[in-house]
Amino acid sequence: MRDVQTIREDFPILSRRVHGRPLIYLDNAATTQMPVQVLQAVEEQYRLYQANIHRGVHWLSEQSTARVEAVRRQTAEWIGAKESAEIVFTSGATESVNLVARAFSDGVLSAGDTVVTTEMEHHSNLVPWQEACRRTGAKLRVVPLTPRGELDMEAAARLLSERPKLLAVTAVSNVLGTVNQVEPLIRAAHEAGAAVLIDAAQLLRHSRVDVRALDCDFLCFSGHKMLAPTGVGVLYGKREWLERLPPVVFGGGMVDEVTTERASWDALPFKFEAGTRNIAGIVGLGAAIGYLNELGDGLYAREAELLEQTEAILRERTRLDVLGAPSTRAGAVSFNIRGLPAYDGAKLLDQLGVAVRSGHHCAQPLLRRFGLESALRVSPAFYNTEEELCMLGAALDRIAALPGIGNG
Amino acid sequence: MDEIENLQRELTEEFLEMGDGFDQYAYLIELAALLPPLPPEKKTEDRVVKGCQSHVWLDLRAEDGLFRVEGDSDTFIIKGVLYLLRRLFDGQPLAAVAGAKLTIFSETEIMATFEADRQKGIGYVVKEMQRFAAEHVISNKE
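Analysis parameters
- Residue numbers restart at each chain and count upward from 1, following the sequence in its written direction.
- To read the labels, note that chains go from A and ligands from 1, taken in the order they are written.
- At least 70 in pLDDT is required for a residue's local features to be given in this predicted model, at least 80 for side-chain atom pairs to be given and counted, and no such filter applies to totals for whole chains, interfaces and linings, which use all residues.
- With hydrogens and water stripped out, all remaining heavy atoms of the structure feed into the side-chain values.
- Throughout, the protein atoms alone are placed on a 1 Å grid, and a set of points is a cavity if a 1.4 Å probe fits but cannot get out or a pocket if it is open with protein on both sides within 12 Å along at least five of seven lines; lining residues have an atom within 4 Å of a point.
- Grid points are joined across faces, edges and corners, and a volume is the space filled by probe spheres set on the points.
- The way it works is that DSSP assigns letters per residue, a run of H or I at least four long becomes a helix, a run of E at least two long becomes a strand, and they are numbered from the N terminus.
- In this classification, Asp, Glu, Lys and Arg are treated as charged, Ala, Val, Leu, Ile, Met, Phe, Trp, Tyr, Cys and Pro as nonpolar, and every other residue, Gly included, as polar.
- Helix axes are fitted to C-alpha atoms over the stretch in contact, other axes to C-alpha atoms as well, and angles between N-to-C directions run from 0 to 180 degrees.
- To sort the angles, those under 35 degrees are grouped as roughly parallel, those over 145 as roughly antiparallel, those from 65 to 115 as roughly perpendicular, and the leftovers as oblique.
- It is the rotation of the near helix from the far one that decides the hand of a crossing: anticlockwise by less than a right angle makes it left-handed, clockwise makes it right-handed.
- Residues count as neighbours in contact if any of their non-hydrogen atoms are within 4.5 Å of one another.
- Here, nonpolar core means buried Ala, Val, Leu, Ile, Met, Phe, Trp, Tyr and Cys residues that are tied together by side-chain atoms lying within 4.5 Å of each other.
- Accessible area is worked out with a 1.4 Å probe on protein chains only. A residue is then buried under 20% of its type maximum, exposed over 50%, and partly exposed in between.
- The working definition used for a salt bridge is a side-chain nitrogen of Lys or Arg within 4 Å of a carboxyl oxygen of Asp or Glu.
- Whether two strands pair comes down to DSSP finding at least two bridges between them.
- Two parts lose some accessible area (1.4 Å probe) when they are put together, and adding that loss for both gives the buried area.
- Take the residue count of a helix, subtract one, and multiply by 1.5 Å to get its expected span.
- By arc we mean the arc of the directions from the helix axis to the C-beta atoms, nothing more.

## Re the layout of surface pockets
Put simply, the largest pocket is a space of about 600 Å³. Tyr343, Glu373 and Ser374 of chain A together with Asp74 and Thr75 of chain B are the residues nearest the centre of the largest pocket, which is lined by 23 residues in total. Those elements that place two or more of their residues in the lining of the largest pocket are α12 (342–351), β16 (357–359) and α13 (364–369) of chain A together with α3 (76–89) of chain B. Taken together, the residues of the lining of the largest pocket sort by class into 6 nonpolar, 12 polar and 5 charged. Computed from the structure, the second largest pocket encloses a volume of approximately 390 Å³. Along its surface, the second largest pocket is lined by 24 residues, and His122, Asn174, Lys225, His361 and Cys362 of chain A are the ones closest to its centre. For the lining of the second largest pocket, the elements supplying multiple residues, two or more each, are α4 (93–107) and β16 of chain A.

## Some remarks on the packing of helix α2 (residues 36–48) of chain A against helix α10 (residues 279–295) of chain A
All names here are of chain A. Where α2 meets α10, the axes come as close as 8 Å, and the angle between the chain directions of the two elements is 150°. Between α2 and α10, the angle is such that the two are roughly antiparallel. Two packed elements cross with a definite hand, and for α2 against α10 that hand is right-handed. Facing Gln37, Val38, Ala41, Val42, Gln45 and Tyr46 of α2, the residues of α10 in contact are Ile279, Ala280, Val283, Gly284, Ala287, Ala288 and Tyr291. Of the residues in the contact of α2 with α10, the class split is 10 nonpolar, 3 polar and no charged.

## Regarding the nonpolar core
By size, the foremost hydrophobic cluster in this structure holds 75 residues, and its most contacted members are Leu219, Leu285 and Phe382 of chain A. In terms of residues, this core owes the most to one element, α10 of chain A, which gives 11 residues. Ignoring any residue separated from it by four or fewer positions in sequence, one finds Leu285 of chain A in contact with Val71, Thr75, Phe89, Phe221, Gly223, Met226, Ala228, Pro229, Val232 and Val234 of chain A. Among the nonpolar cores identified, the runner-up in size contains 73 residues, and Ile4, Leu58, Phe76 and Ile104 of chain B belong to it.

## Concerning the pattern of salt bridges
Where side chains of opposite charge bring their charged atoms close, a pairing between them can arise. Under the defined criterion, the tally for this structure stands at 44 salt bridges over all chains. A salt bridge links Asp27 of chain A to Arg377 of chain A, with the nearest nitrogen and oxygen atoms 3.3 Å apart. With Asp27 of chain A in the loop between β3 (24–25) and α2 and Arg377 of chain A in strand β17 (residues 375–378), this residue pair connects regions lying 350 residues apart in the sequence. Accessibility expressed as a relative area gives 9% for Asp27 of chain A, which makes it buried. In this structure, the salt-bridge partner of Asp217 of chain A is Lys238 of chain A, at a minimum N-O distance of 3.4 Å. One end of the pair, Asp217 of chain A, is in the loop between α8 (211–214) and β9 (218–222); the other, Lys238 of chain A, is in the loop between β10 (233–237) and α9 (239–244), with 21 residues separating them in the sequence. Looking at Lys238 of chain A, the relative accessible area reads 13%, which means it is buried. One network of salt bridges, in which partners are shared, links Lys42, Arg47, Asp59, Arg61, Glu63 and Glu70 of chain B.

## Here we look at the sheet that holds β10 of chain A
All names here are of chain A. Pairing is mixed in the open sheet, where 7 strands are placed in the order β4-β10-β9-β8-β7-β5-β6. If you trace the sheet from one side to the other, it starts and ends with β4 (87–90) and β6 (139–143), each paired once. Neighbour-to-neighbour, the strand axes of this sheet turn through a mean angle of 20°, independent of strand direction. Note that strand β5 (residues 114–118) and β6 share 5 bridges and pair parallel.

## Considerations on the interface of chain A and chain B
Of the residues lining the interface, 17 residues belong to chain A; the matching set on chain B comes to 17 residues. Both sides of the chain A and chain B interface together cover about 1400 Å² of buried area, and 66% of this is carbon and sulfur. When the buried area of chain A at its contact with chain B is split by residue, Tyr343, Lys347 and Gln351 of chain A rank highest and sum to 37% of it. Across the chain A-chain B interface, the total number found is 3 salt bridges. A salt bridge links Asp23 of chain B to Arg398 of chain A; its shortest N-O distance comes to 3.4 Å. When contributions to the side of chain A that touches chain B are tallied by element, the ones reaching two or more residues are α12 and α14 (386–400) of chain A. Of all the elements, α12 of chain A adds the most residues to the side of chain A that touches chain B, at 5 residues. Residues that form the side of chain A that touches chain B fall into these classes: 9 nonpolar, 4 polar and 4 charged.

## A word on α2 of chain A
Residues and elements named next belong to chain A. In a regular helix each residue adds 1.5 Å, so 13 residues correspond to 18 Å; α2 covers 17 Å between its end C-alpha atoms and thus fits that length. Within α2, the full set of buried residues consists of Val38, Ala41, Val42 and Gln45. Projection of α2 onto a plane perpendicular to its axis shows the buried side chains occupying an angular sector of 95°, all on one side. In α2, those exposed residues whose orientation departs by more than 90 degrees from the buried face are Gln40 and Arg47. Packing partners of the buried residues in α2 comprise α3 (59–78) and α10.

## Description of the sheet that holds β16 of chain A
Hydrogen bonds between backbone groups are what pair the strands of a sheet, and the pairing can be parallel or antiparallel. Residues and elements named next belong to chain A. Across the sheet, which stays open at both edges, the 4 strands sit in the order β13-β14-β17-β16 with antiparallel pairing between neighbours. Edge positions in the sheet fall to β13 (320–322) and β16, since each has one partner strand and no second. If you compare each strand with its neighbour and ignore which way they point, the axes differ by 30° on average. As judged from the 3 bridges shared by strand β14 (residues 333–337) and β17, these two strands associate in the antiparallel manner. Among the inter-strand pairings, Val333 is bridged to a residue of β17, identified as Val378. In the packing of α12 onto the sheet, contacts are made with β14, β16 and β17, and the angle to β17 comes to roughly 40°.

Here it is as C-alpha cells:
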C-alpha cells in the first residue's frame, strides 16, 4: 500500500480545519470519505454521460448503460459472485435487507416459520425481520451475545435446530467491531435448511469477500462505507434465490410485458431494480472498488493496525470503559468516559477537531445488553495516522480531567 | 436595566472569558454539576419537554407572582444550559420572564455549536418557560 501521506492527498477533506483545529475524522463506520478519483468519476458521469440507462438507444444512454453494467461486472468479480446477474444495485444495505425481508414475507414465510437474527445487529438487519415476522405470523428468534460481545454460538446452534427459513447475521458489529465467524453459521444454517443473509456493511474495508467460498445466499453492503457516494449499495443473491423471490418494488425498469391487468417481470437483476438507479453513485462505486483494489491487501493490515492502536489507547486510560472484548475486532471500538454522557464526550471531542459518533449507533438491543443507552464509537480508516490516534488520546485525557465530571 | 438583563450580561461576560468552544462547553459541564437534581418522582411524562433529542424535564411553578423552575437532563451540556436559564429566570417576576429577550446563546456562540435538533430543543425549553410565565401572568391578573 502507498504511504499514508500520499494517500491522504487523495482525500482533500482530511485537510480541513474544524473549530480552528485540524480535522481528525474517526467516524468511518458511519461514512467514509471519498478520494478524488471517486469524486472525479461521479462528476464526469454527470458532466459527460448524464442519461437514463437501459431504455434509450441514443449514444449517451448507451454509454451510461455500459458504464453501469461494467460496474456490475466489476462488483461481481470483486466479491466473487458467479455472474453479474446476481448483483442488484440498491440504495444501500438497509434497502438491500428490506428487499429480501419483504420478498421473504411475500414469497417464502408462513405463520409458524422461524427467522433467526442476533442481538448484535444494526437496526437495519433487525427491524425488517421483525416486520416480516409480524406480517406473516412467523417467529423471530434472536441469538444472544456473550459478555465479551461475541455471538453465543451454542445458542445459535440451538436456534438453528428449529429449522428456520433464514438466518440474518452481520459479518462485523458496527458498535463492538466483533468479527463474527460466519462460515460455521452458514454451514449450520444450510444443514438446517435455512438461507443466510450476511450484512457486510462493516466488512468490506477489512477483509476480502468471496461469496461463493462463504456460500451465503445473500450479502449486502453500502457504498458510502467503502469510499463510494451515499445512496448506492449492493444486494448479492444467488441466482436460484433471486429467481425464486418475488419483486417488491414495481414500475418501470423491472417489467417485461405490461397490460392494464397484469405485468411480467424482467430478467435478473433488473426484476429488483424498479425506477432509475443512482447512476452516478454506481459509477462512483466502481471507482471506489478500483481505488481499494489499487491499495491492495495492505489495506486490511493497515486498518487492523490502526484499530489495535485505537483500542490500546482507550484501554490504557482508566477513566474509559471499553465495550466488549471479542477475540477479533475490525473497524470500530466503542467506549464510555466514566461520569460523562456519551453525547457530551462527542461534543467536547468535536470542539477539539475529533469526529466520533455517540448514541445508540442504531443498535439499541446491543447497547442495552451492556446496560447502556449510549456510547462513543471510534472507527479509524486506512487514511488516518498514528499521530491522529495519539491526538485522540490527548483529547480524551483533557476531557477526563475536566472538573464537573463525576466518577460515574 | 432589569435584573434578568443584568444577570444575562454578567453570565455572557463570564462565558466570553472562557475562551474557545471547548472551554465554553467545559464550563457548561461545570455548571451542570451546580444544577440541583430533579427528584425522580418529578421526572414524569408531563414534565418532559417535547422536541428535545436529550431527555429534558422541567418543573415550572408560579409562586406569589414569581417564576420558579427546576430542571434536569440526561446530558451535562444541556444541564449546563438549564443551569443558566435557572440563574436567569428562577425567582423573577412572571412578567419579566415572559418578556425577557434572551441573547446569551447568540452572543456566546453556545447555540451555534449545537446541531440543529439540539438548537431546536433548547428553543423549545425557553419557549416553554416563557409560555408558562405568560399564562400565569394572565391568570394572576384574573
